[in-house]
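Structural characterization, general
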Amino acid sequence: MKLDRSLVLREVCGISLDIVASISWAIAISIFAVPNQIVPGGVNGLTVIINYLTGLPVGTMSFILNIPLFILSWRSLGKRFVFQTMRALFIYSIVVDICFFNPPIYTGDPLLAAIFGGVFNGIGGGITFMQGSSGGGTDILNKLVRKRYPHIPTGQLSVGINGVILILAAFVYQNIEVALYGLIMSFASGKVIDAMLNGVDSGKSLMIMTSQPERISQMIIEQMHRSATILHGTGAYQGRDVSVLLCVVRNTEFYRLKRLIRETDDRAFVIVNEANMVIGKGFRSMQAPDT
């Protein structure tokens, strides 16, 4: 039976990325979180609490606690999603329990430990999300609940679940700072994941009300290799016909476009909005996998 080389290459790349994500998670937990008694949200937070109470290995407990979620999500979330998540967590359990059995730990400023722990945790999560899988735990639970109750916002659901775990951590450690630093770590992790998933595809959307729409649009095409849409409207105050340019650029291109507008029509009226994700030619492909 002849193997599909592209399929083999994809799986090899997937495993390689899982290893990188696992190393990043292991750094977050073994070097920053556990030594400083910081409990992150999700199942990782539960494993840190269990490790504190019983000494059981964090990686092994993480995989065991996720088994019921794997079973529940096998049909509803798809076999491939579950398989990829299981693979990522299996590699993570090996890395954190064996390779980082006696790591160089950081026990300095707990705030720095929470921030850098969150950064490395977010890098691991971002890598797995970009592959179409997840880090298990809260991510799977969110998907299961949202599938059944789509009206519940994902953010509120995550805050609720993580809040319960952080409150539990404060009681177990008898220290409210454990929960507060865990909140900082979760916040930093979320910011890194958002930056990894949306940073490349984000940009700025501009509505440019100008008396020289053709000239500005031509400069956008020739100098920035972008395009624009000319909308025609009527000014409410004076009743005059006005032209509005609708243009989307990457964040790195914004100030260049702003300069072009100023040099062409310094009386232009410009509205700038954040575009968290832009899909289409020149930006994110329509065929790119959802994250």
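The structure we're discussing is the one just above.
Parameters and conventions
- Counting starts from 1 at the beginning of each chain's written sequence and moves along it residue by residue.
- Confidence filtering applies because this is a predicted model: local features only for residues at pLDDT of at least 70, side-chain atom pairs given and counted only at 80 or more, and all residues used for totals across whole chains, interfaces and linings.
- Note that the side-chain values use all heavy atoms of the structure and ignore hydrogens as well as water.
- Each helix is a run of DSSP H or I of at least 4 residues and each strand a run of E of at least 2, with the numbering of both proceeding from the N terminus.
- Think of it in three bands: with a 1.4 Å probe and only protein chains considered, a residue is buried below 20% of the maximum accessible area for its type, exposed above 50%, and partly exposed in between.
- Definition used in this section: a nonpolar core is a set of buried Ala, Val, Leu, Ile, Met, Phe, Trp, Tyr and Cys residues joined via side-chain atoms within 4.5 Å.
- The criterion used for residue contact is that any of the two residues' heavy atoms lie within 4.5 Å.
- Note on definitions: salt bridges are taken to be side-chain nitrogens of Lys or Arg within 4 Å of carboxyl oxygens of Asp or Glu.
- In protein, a polar contact means a hydrogen-donor-capable atom and an acceptor-capable atom, both N or O and within 3.5 Å, with residues adjacent in sequence counting only if both atoms are side-chain atoms; elsewhere, any N or O pair within 3.5 Å suffices.
- A fitted line through C-alpha atoms represents every axis, and for helices the fit uses only the stretch in contact; the resulting angles, taken between N-to-C directions, go from 0 to 180 degrees.
- Any angle between 65 and 115 degrees counts as roughly perpendicular, while under 35 counts as roughly parallel, over 145 as roughly antiparallel, and the rest as oblique.
- Crossing handedness is read from the near helix: turned anticlockwise from the far helix by less than a right angle, it gives a left-handed crossing, and turned clockwise, a right-handed one.
- The residue classification treats Ala, Val, Leu, Ile, Met, Phe, Trp, Tyr, Cys and Pro as nonpolar and Asp, Glu, Lys and Arg as charged. All others, Gly included, are polar.
- Any two strands with at least two DSSP bridges between them are considered paired.
- Charge assignment: positive for Lys and Arg, negative for Asp and Glu; neither His nor the chain ends contribute.
- Centres within 6.5 Å are what make two rings of Phe, Tyr or Trp a pair, Trp counting through its six-membered ring; a difference in plane orientation under 30 degrees is then read as stacked, over 60 as edge-to-face, and the rest as tilted.

On to unusual backbone geometry, then. Residues other than glycine seldom take positive phi values, yet glutamine 37 does so here, at roughly 50°. As for its position among the elements, glutamine 37 is in the loop between α1 (5-33) and α2 (42-54). In this structure, histidine 225 takes a positive phi of about 55° despite not being glycine. Along the chain, the position of histidine 225 falls in the loop between α9 (213-224) and β2 (229-234). Among the residues examined, histidine 225 registers a relative accessible area of 68% and is labelled exposed.

Let us look at the nonpolar core. Counting 33 residues, the largest nonpolar core has Val39, Tyr92 and Tyr173 as its most contacted members. Elements with a contribution of two residues or more to this core: α1, α2, α3 (58-76), α4 (79-99), α5 (110-130), α6 (138-148), α7 (154-173) and α8 (176-198). Among the elements that take part in this core, α1 stands out by supplying eight residues, more than any other. Non-local contacts of valine 39, meaning those with residues more than four positions away in its chain, are made with Gly45, Val48, Ile49, Ile165, Leu166, Ala169, Tyr173, Val178 and Gly182. Judged by nonpolar contacts, the second largest core, of 13 residues, contains Leu206, Met219, Ile220 and Leu257.

Turning our attention to the pattern of salt bridges. Side chains that carry opposite charge are capable of pairing whenever their charged atoms lie near each other. Summed over the entire model, instances satisfying the criterion amount to four salt bridges. Between glutamate 253 and arginine 226 there is a salt bridge; the shortest N-O distance is 3.1 Å. You can see glutamate 253 sitting in the loop between β3 (241-249) and α10 (254-264) and its partner arginine 226 sitting in the loop between α9 and β2, a full 27 residues away along the chain. Overall, arginine 226 belongs to the buried group, its relative accessible area being 14%.

Let us now look at the side chain of asparagine 36. Here asparagine 36 is to be found in the loop between α1 and α2. Within the local environment of asparagine 36, its side chain forms a polar contact with the backbone oxygen of phenylalanine 32, the two atoms lying 2.8 Å apart. Here the side chain of asparagine 36 touches tyrosine 106 through a polar contact of 2.6 Å, landing on its backbone oxygen. Excluding anything up to four places from it in sequence, asparagine 36 contacts Ile31, Tyr106, Thr107, Gly108 and Ala113.

Attention now moves to the packing of α2 against α3. Direction vectors running N to C along α2 and α3 enclose 130°, while the axes themselves pass 9 Å from each other. With respect to each other, α2 and α3 are oriented oblique. Considering the relative orientation of α2 and α3, their crossing is right-handed. Where α2 abuts α3, its residues Val43, Asn44, Leu46, Thr47, Ile50 and Asn51 lie against Val58, Met61, Ser62, Leu65 and Asn66. Taken together, the residues of the contact of α2 with α3 break down into six nonpolar, five polar and no charged.

A separate point is the sheet that holds β3. With antiparallel pairing, the four strands of this open sheet are ordered in space as β2-β3-β1-β4. Each having just a single partner strand, β2 and β4 (269-275) make up the two edges of the open sheet. Ignoring which end each strand starts from, the neighbouring axes of this sheet average 20° apart. Sheet strands in contact with α9 are β1 (203-210), β2 and β3, and its direction is about 15° off that of β3. α10 contacts β1, β3 and β4 of the sheet and is inclined by roughly 10° relative to β1.

Moving on, we get to the environment of arginine 256. Structurally, arginine 256 can be placed in helix α10. Take arginine 256: its relative accessible area is 37%, and that puts it in the partly exposed class. With sequence-adjacent residues up to four places away left out, arginine 256 is seen in contact with Gln223 and Met224.

Attention now moves to the side chain of aspartate 265. Tracing the backbone shows aspartate 265 in the loop between α10 and β4. Arginine 267 provides the closest opposite charge to the buried, unpaired aspartate 265, separated from it by 6.1 Å. Within polar-contact distance, the side chain of aspartate 265 engages the backbone nitrogen of serine 211 at 3.4 Å. Among the polar contacts listed, one links the side chain of aspartate 265 to the backbone nitrogen of arginine 267, at a separation of 3.1 Å.

The relative placement of two aromatic rings is captured by the distance of their centres and the angle of their planes. Scanning the model with the defined rule gives eight aromatic pairs in all. Where phenylalanine 32 meets phenylalanine 120, the ring centres are 6.0 Å apart and the plane angle is 15°; that geometry is what we call stacked. In this pair, phenylalanine 32 is assigned in helix α1 and phenylalanine 120 in helix α5, connecting sequence segments 88 residues apart. Cluster of aromatic residues (ring-pair linked, three or more members): Phe32, Tyr106, Phe116 and Phe120.

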